[in-house]
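# A closer look at the structure
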Amino acid sequence: MATLLRSKLSNVATSVSNKSQAKVSGMFARMGFQAATDEEAVGFAHCDDLDFEHRQGLQMDILKAEGEPCGEEGAEPPVEGDIHYQRGGGAPLPPSGSKDQGMGAGGEFGGHDKPKITAWEAGWNVTNAIQGMFVLGLPYAILHGGYLGLFLIIFAAVVCCYTGKILIACLYEENEDGEVVRVRDSYVAIANACCAPRFPTLGGRVVNVAQIIELVMTCILYVVVSGNLMYNSFPGLPVSQKSWSIIATAVLLPCAFLKNLKAVSKFSLLCTLAHFVINILVIAYCLSRARDWAWEKVKFYIDVKKFPISIGIIVFSYTSQIFLPSLEGNMQQPSDFHCMMNWTHIAACVLKGLFALVAYLTWADETKEVITDNLPGSIRAVVNIFLVAKALLSYPLPFFAAVEVLEKSLFQEGSRAFFPACYGGDGRLKSWGLTLRCALVVFTLLMAIYVPHFALLMGLTGSLTGAGLCFLLPSLFHLRLLWRKLLWHQVFFDVAIFVIGGICSVSGFVHSLEGLIEAYRTNAED
């Protein structure tokens, strides 16, 4: 009996020692160092499995102690920053009915009961994101960048396509059997994994802040462009651009009551088709004036002070990385993701380059921030009214997404919430939660009134959050999570994108800010 007891104690001690060594090896592996032996790597993977089962067991014990159901429907969502492995190779999804199923802090758009989308449908979603109405600011970028601006449109398409692919690569890891499985489900989860274990939630908070800034700035841009288009469509009316922005915001105020986007989504297809028709009309008008094109105005030198603003405008027009993890997770064939990214960005590059060049050649130095303002009065009014309708119908999407991120980050029920939940026990929105939403709509109005400069705001947003989410963070995360598996040219590309993106981001942000300050002083003097 004593011999048997000593044997068991010895086995337990050996097991504990092996687990400790594996943990140490795993810690160094996560810091980017190669494991010393294959046995250590296997031990680390095995230890991860045991750690996963241990956490699951603890969670079940807690739920049982609280008298809650232990199934998937009653389980609490995982702690922010926790890296959870999905056995079936699919992405971990929130419980049915969770608000995380909407556009939230990197959460999935749908659950297991939602139908999967084809590669064509996924491509249509990406096209909607990168071929939106912000294309109207690209001719203004050519005005200050010339041929280098055209090169940047191509370069940004290539880089954004590449960073979108490496961002999705960060969702996957090899399991103990050598199979590549999806272990993360969102941009936030990738960021948290990079900062774990020392700061397990820092990365997610940084990404959430960047998301909120970009989404709110997008809402502001929709209000700005609505006021700008209406003012230039009816210059004879005694209504200022600020007044038009107030009228647009009054129309948008019901967005505060939105609980879902079902009503708005019905108009998305019609809205996008209308935008393509408008682009075709603008190009057709430009082609009708082809004999007057000013080729000599397209220069090889750049305006050093204003060109960095053009960089932000171009980058902002390609931003789609925020929702790519959710999109890829909902595809019927995730293996088609790379092909889908290729053809969508090639198409975007060709159409944007053609639109920007043709429009600039038509109006040359008279090119305005929003290119439709250059159209003749009769055509401009019709086109601008359609664009305003598109802007107003597009506003609820980023607004609802921003509200979801804020509610999940600050107002979600639980020990980590900063404020009480916005929803009551019956699912109804509380009065102070509605007040918060209305305040967000009013904030977008105030920003649009005091900073009514479409191109400068677009450049500022693209330099601040667009470059970060599209260039800097994906390349950094790729290096951090997959360092041991990357080839030398992949490391070179990631480092080059990070350095170039950092320089462009800082330069564009500074010059955009200077431009806004100068424009504000000019308005104050007038």
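Residues numbered from 1 in each chain as written. Predicted model: local features only at pLDDT ≥ 70, side-chain atom pairs only at ≥ 80, totals over all residues. Heavy atoms only, no water.

Convention followed: UniProt positions are given in the numbering used here, feature names are shortened, and annotations may be inferred rather than shown by experiment.
Under an unreviewed UniProt entry, the name given to the chain is Vesicular inhibitory amino acid transporter, and the organism recorded is Heterocephalus glaber. The Sequence similarities (unreviewed entry) comment attached to the chain in UniProt states, word for word, "Belongs to the amino acid/polyamine transporter 2 family."

### Description of the overall build of the chain
Note the following rule: What counts as a helix is a DSSP run of H or I of at least four residues, what counts as a strand is a run of E of at least two, and both are numbered from the N terminus. For this analysis, residues touch if any pair of their heavy atoms sits within 4.5 Å. Computed by Shrake-Rupley with a 1.4 Å probe, the accessible areas treat only the displayed protein chains as cover when residues are assessed.
In terms of regular secondary structure, the chain is built from 17 helices and 2 strands. For the chain, contacts bridging at least 24 residues in sequence account for 76% of all contacts bridging at least 6. Of the roughly 25,900 Å² that the chain leaves accessible, carbon and sulfur atoms contribute 66%.

### A look at the side chain of Arg182
The line we're drawing: The buried label applies to any residue whose accessible area, calculated with a 1.4 Å probe on protein chains only, is under 20% of its type's maximum; exposed applies above 50%, and partly exposed to all values in between. Whenever a nitrogen or oxygen atom comes within 3.5 Å of another N or O atom, the pair is scored as a polar contact, on the condition that within protein one atom can donate a hydrogen and the other can accept it, and that pairs from neighbouring residues in sequence are kept only if both atoms are in side chains.
Its location among the elements puts Arg182 in strand β2 (residues 180-182). A residue is classified by how much of its surface remains accessible, and Arg182, at 3% relative accessible area, is buried. Separated by 3.5 Å, the side chain of Arg182 and the backbone oxygen of Arg184 make a polar contact.

### Remarks on the pattern of salt bridges
Spelled out, the test is: Salt bridge criterion: a side-chain nitrogen from Lys or Arg within 4 Å of a carboxyl oxygen from Asp or Glu.
Applying the stated rule across the entire model yields 3 salt bridges. Arg184 serves as the salt-bridge partner of Glu173, at 2.4 Å between the closest nitrogen and oxygen. Of the two residues, Glu173 sits in strand β1 (residues 172-174) while Arg184 sits in the loop between β2 and α5 (187-195), which places them 11 residues apart along the sequence. On the basis of relative accessibility, which here comes to 22%, the residue Glu173 falls in the partly exposed class. Overall, the relative accessible area of 3% leaves Arg184 in the buried class. Of the charged contacts in the structure, one is a salt bridge between Asp365 and Lys297, with a shortest N-O distance of 3.3 Å. With Asp365 in the loop between α12 (337-363) and α13 (377-394) and Lys297 in the loop between α9 (268-288) and α10 (307-316), this pair connects stretches of sequence that are 68 residues apart.

### Observations regarding the side chain of Lys390
Let me state the cut-off plainly: In this charge count, Lys and Arg are treated as positive and Asp and Glu as negative; neither His nor the chain ends contribute.
Here Lys390 shows up in helix α13. For the buried residue Lys390, which engages in no salt bridge, the nearest side chain bearing the opposite charge is Glu214, 15 Å off. When sequence neighbours within four positions are dropped, the list of residues in contact with Lys390 reads Met133, Cys271 and His275.

### What about unusual backbone geometry?
In this chain, Ala196 is followed by Pro197 through a cis amide linkage whose omega measures 0°. Tracing the backbone shows Pro197 in the loop between α5 and α6 (202-233).

### Things to note about a nonpolar patch on the surface
Put simply, the rule is: Exposure above 30% relative accessible area and the lack of any salt bridge qualify a residue for a patch; like charges then connect within 9 Å, and the nonpolar side chains Val, Leu, Ile, Met, Phe, Trp and Tyr within 5 Å.
A surface patch of nonpolar side chains, about 420 Å² in accessible area, is lined by Leu476, Val495, Phe498, Val499 and Ile503. It is helix α17 (residues 488-525) that provides the largest number of residues to the nonpolar patch, a total of 4 residues. Structurally, Val495 is set in helix α17. For Val495, a relative accessible area of 40% translates into the label partly exposed.

### Details of helix α16 (residues 454-482)
Where we set the bar: Expected helix span is taken as 1.5 Å per residue step, with the number of steps being one fewer than the number of residues. The term bend refers to the angle at a residue between two fitted axes, each drawn through seven residues, those ending there and those starting there.
The end-to-end C-alpha distance of α16 is 39 Å, a good match for the 42 Å that 29 residues give at a rise of 1.5 Å each. The sharpest bend along α16 measures roughly 50° and falls at Gly468. Of all 29 residues that make up α16, 26 are buried, and the element is covered over most of its length.

### Examining the nonpolar core
Under the convention used in this document: Put simply, buried Ala, Val, Leu, Ile, Met, Phe, Trp, Tyr and Cys residues joined by side-chain atoms within 4.5 Å make one nonpolar core.
Formed by 122 residues in total, the largest nonpolar core has its most connected members in Tyr318 and Tyr395. The residues touching Tyr395, leaving out its near neighbours within four places in the chain, are Cys219, Tyr222, Val223, Leu252, Cys255, Val441 and Thr444.

### Considering the packing of aromatic side chains
The condition is simple: Any two rings among Phe, Tyr and Trp, with Trp reduced to its six-membered ring, count as a pair given centres within 6.5 Å; such a pair is stacked if its planes are under 30 degrees apart, edge-to-face if over 60, and tilted if neither. Counted as over-ring charges are cases with an Arg CZ or a Lys NZ within 6 Å of the ring centre that also lie within 35 degrees of the ring normal.
Taken as a whole, this structure holds 9 aromatic pairs when the rule is applied. Ring centres of Tyr162 and Phe493 lie 6.2 Å apart, and the angle between their planes is 80°; on these two criteria the pair is classed as edge-to-face. With Tyr162 in helix α4 (residues 138-169) and Phe493 in helix α17, the pair connects residues that are 331 residues apart, well separated along the chain. One aromatic cluster is present, formed by Tyr162, Phe492 and Phe493 through successive ring pairs. It is Lys352 that lies over the ring of Tyr318; its NZ or CZ is 3.5 Å from the centre.

### Digging into the confidence of the model for the chain
We apply this condition: Scored between 0 and 100, pLDDT is the confidence that the predictor attaches to each residue.
Put simply, the chain has an average pLDDT of 75, and 72% of its residues get 70 or more. For the stretch residues 19-112, pLDDT sits under 50, and the model shows 132 contacts to residues farther than four places along the chain or on other chains.

### Considering α10
Across the 10 residues of α10, 10 count as buried, placing the element largely inside the fold. Within α10, burial applies to Phe307, Pro308, Ile309, Ser310, Ile311, Gly312, Ile313, Ile314, Val315 and Phe316.

### As for the packing of α6 against helix α7 (residues 241-252)
In plain terms, the rule: Every axis corresponds to a line fitted to the C-alpha atoms, with the helix fit spanning only the stretch in contact, and the corresponding angles, defined between N-to-C directions, vary from 0 to 180 degrees. Orientation is classified from the angle alone, with under 35 degrees giving roughly parallel, over 145 giving roughly antiparallel, 65 to 115 giving roughly perpendicular, and any other angle giving oblique. Handedness of a crossing is defined here by the sense of rotation of the near helix relative to the far one, left-handed for an anticlockwise turn of less than a right angle and right-handed for a clockwise turn. For this classification, Asp, Glu, Lys and Arg are treated as charged, while Ala, Val, Leu, Ile, Met, Phe, Trp, Tyr, Cys and Pro are nonpolar and the rest, including Gly, are polar.
Where α6 meets α7, the axes come as close as 8 Å, and the angle between the chain directions of the two elements is 125°. As judged from the angle between their axes, α6 and α7 are oblique. Crossing hand, α6 versus α7: right-handed. Counted together, Val223, Val224, Ser226, Gly227, Asn228, Met230 and Tyr231 of α6 and Gln241, Trp244, Ser245, Ala248, Thr249 and Leu252 of α7 form the full contact between these two elements. When the residues that make up the contact of α6 with α7 are grouped by side-chain class, the tally is 7 nonpolar, 6 polar and no charged.

### As for the packing of α4 against α16
How two helices pack is summed up by the angle between their axes together with the distance between the axes. In the contact formed by α4 and α16, the axes pass within 10 Å of each other and the chain directions differ by 35°. In this structure, α4 crosses over α16, and the sense of that crossing is left-handed. Touching Tyr140, Val159, Cys160, Tyr162, Thr163, Ile166, Leu167 and Ala169 of α4 are Ala455, Cys470, Phe471, Pro474, Ser475, His478 and Leu482, all from α16.

### Focus on the environment of Gln241
Positionally, Gln241 belongs in helix α7. With residues up to four places along the chain from it excluded, the contact list for Gln241 reads Val224, Gly227, Asn228, Tyr231 and Pro452.

### Regarding the environment of Glu174
Turning to its location among the elements, Glu174 is positioned in strand β1. Relative accessible area serves as the criterion here: at 45%, Glu174 is assigned to the partly exposed category. If we ignore the near neighbours within four places in the chain, the residues touching Glu174 are Glu179, Val180 and Lys485.

### Concerning the environment of Leu167
Note on placement: Leu167 falls in helix α4. For the pair Leu167 and Tyr187, spaced 20 residues apart in sequence, the C-alpha to C-alpha distance is 7.9 Å. Those residues in contact with Leu167, other than ones at most four positions away along the chain, are Tyr187, Ile190, Gln321, Pro325 and Pro474.

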